[in-house]
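One-letter residues, chain by chain:
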Amino acid sequence: MVRRICIYCQTWESGGIEAFIYNILTHMEISGLEIDIVVEVQKESVFTNRLKARGIRFRELSGSHRRPTENYRRFAKLMGEQRYDVLHLNVFQALQLSYLHLAKKLGIPVRIAHSHNTMLRRSKTRVLKMGIHKIARMLFAGDATEFWACSQDAADFLFPAQLIGKRGCRVVPNGIALQRFQFNAAERLAVRKRLHLENAFVVGNVGRLCQQKNQKFLLEVFGQVHAAESTARLLLVGEGEMLTELQKEAARLSLDDVVIFYGTSTRVEELLWAMDVFVFPSIFEGLGIVAIEAQAAGLPTICSDRVPQEAFASRLAKRLPLLERAGQWAQTILNEKGNRGAGEEIEQLSQRGFEIADVGRSVEMIYRTGPTGRQIER
């Protein structure tokens, strides 16, 4: 019997939630599953074409986050027509949990609420949004049949403590294909040559160019790194709304000749191999999957203290307080020069549950049979 699966995320582009969905769907057996990815807004993404090639459909609701009533109405119509067996709701704030209530009313038997974040970004309306978030999680979280989260911090952010205490929460690692990231010395040399970085000390970051990822602070830190090490170069991989602002900041700091704004890539592992130190000064993270990828690639990985403990999965990961001065961050980066991993990191990460093949099989089993292992019944 065919199982109909609805995977929801608010926006489809090239971010962390999309990477998680892409990874599990390309590392599970999908025969007998009809899978729709439902989003409020669909943008260009490095993940879309391969998923479409696997027969996975994309369905956009209103095309705007500013039309909640229309999005709700369209989602209700879609769920009524498709009669999904599973709703897998991938969210970063609680208002989106209202879709669980809708799914429950429509008789969708497996309703997974999956938390991917630990905080809302700073904005003029943040206090109001946090108030709405707290109310929504009390109203709607109980309509889930399963609580999932990428870290314990993410679980605590989205789900009321009393519900977690009664029903538990499954921490689902944001897995990756670990062997894909195994360090390749020859490819490192080739990429560094292509980017004219043959003799450089390369500091790197991968992520959306946005306030949450804190690349502006990283530019300040890198300025001090470059002052102490003239061969230093900063490789920023990603796109986002702060690109122009960050380019202007690099110019203001007289760093525009030594900072590379690379854009997005479908071969992130090759860029990680080209780096010498990975720096991840995020203001908040649900997990921070790129920190796991960096460790798998053998990179010394320096994270802020706002990154959840689960991301510190090997000896290569170090934590620094975000409030620590830029000079201390710079010195820590410089101290890691030449400290690339010896190759044992892949096994360490596998033991921590980050092998995507294992994660994909686990998710697939729940899609097919529900969390109890029984056949899904309406």
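On a predicted model such as this, the values are computed, not experimentally measured, just so you know. (Residues numbered from 1 in each chain as written. Predicted model: local features only at pLDDT ≥ 70, side-chain atom pairs only at ≥ 80, totals over all residues. Heavy atoms only, no water.)

Novice: When you look at the overall build of the protein chain in this model, what are you seeing that I'm missing?
Specialist: Summing up its helical and strand segments, the protein chain has 15 helices and 15 strands in all. Considered along the principal axes of its C-alpha atoms, the protein chain spans approximately 65 × 45 × 35 Å. Across the 378 residues of the protein chain, 56% fall into the buried class. Relative to all contacts within the protein chain whose residues are 6 or more apart in sequence, the contacts with residues 24 or more apart total 71%. Roughly 16500 Å² of accessible area belongs to the protein chain as shown, and the carbon and sulfur atoms make up 49% of that amount. (Helix = DSSP H or I, 4+ residues; strand = E, 2+ residues; numbered from the N terminus. Buried < 20%, exposed > 50% of the residue type's maximum accessible area, 1.4 Å probe, protein only. Contact = heavy atoms within 4.5 Å. Areas by Shrake-Rupley, 256 points an atom, 1.4 Å probe, with all protein chains shown as cover.)

Novice: I would appreciate a short explanation of the sheet that holds strand β15 (residues 317-320) in the present structure.
Specialist: What holds strands together in a sheet is hydrogen bonding between their backbones, with the strands either parallel or antiparallel. Within the open sheet, the 6 strands sit side by side as β12-β11-β10-β13-β14-β15. Their pairing is parallel. Either end of the sheet is taken by a strand with one partner, and the two such strands are β12 (259-263) and β15. Pairwise comparison of adjacent strand axes, ignoring direction, gives a mean angle of 25 degrees for this sheet. Its contacts with the sheet place helix α12 (residues 289-296) against β10 (201-206), β13 (277-280), β14 (301-304) and β15, and it is angled at close to 170 degrees to β13. Across the sheet, helix α13 (residues 326-335) touches β10, β13, β14 and β15, and the angle it forms with β14 is around 160 degrees. (Pairing = 2+ DSSP bridges. Axes fitted to C-alpha atoms, helices over the stretch in contact; angles between N-to-C directions.)

Novice: Before we go on, may I ask you to explain the sheet that holds strand β5 (residues 57-60) in this structure?
Specialist: Pairing is parallel across the open sheet formed by 7 strands, whose spatial order is β5-β3-β1-β6-β7-β8-β9. Here the strands that pair on one side only, and so sit at the sheet edges, are β5 and β9 (170-171). Helix-sheet contacts for helix α1 (residues 16-25) involve β1 (3-8), β3 (33-39), β6 (86-91) and β7 (110-115), and the interaxial angle to β6 is about 145 degrees. Of the strands in this sheet, β1, β3, β6, β7, β8 (146-149) and β9 are in contact with helix α15 (residues 356-369), which crosses β1 at around 125 degrees.

Novice: Would you explain the side chain of N90 in this entry?
Specialist: Take N90: it is sitting in strand β6. Among the polar contacts made by the side chain of N90, one reaches the side chain of H114 at a distance of 3.5 Å. Setting aside anything within four residues of it in sequence, one finds N90 in contact with I7, Y8, C9, Q10, I17, F20, I21, H114 and H116. (Polar contact = N/O pair within 3.5 Å; in protein donor to acceptor, adjacent residues only side chain to side chain.)

Novice: Teacher, can you tell me more about the packing of helix α9 (residues 215-228) against helix α10 (residues 243-252) here?
Specialist: Viewed as axis vectors pointing N to C, α9 and α10 meet at an angle of 15 degrees, and their least axial separation amounts to 10 Å. Comparing the axis directions of α9 and α10 gives the class roughly parallel. Where α9 crosses over α10, the handedness of that crossing is right-handed. Between α9 and α10, the contacting residues are Q215, K216 and L219 on the first element and E245, L246, E249 and A250 on the second. Classifying every residue of the contact of α9 with α10 gives 3 nonpolar, 1 polar and 3 charged. (Parallel < 35°, antiparallel > 145°, perpendicular 65-115°, else oblique. Left-handed = near helix turned anticlockwise from the far one by under 90°. Nonpolar A, V, L, I, M, F, W, Y, C, P; charged D, E, K, R; others polar.)

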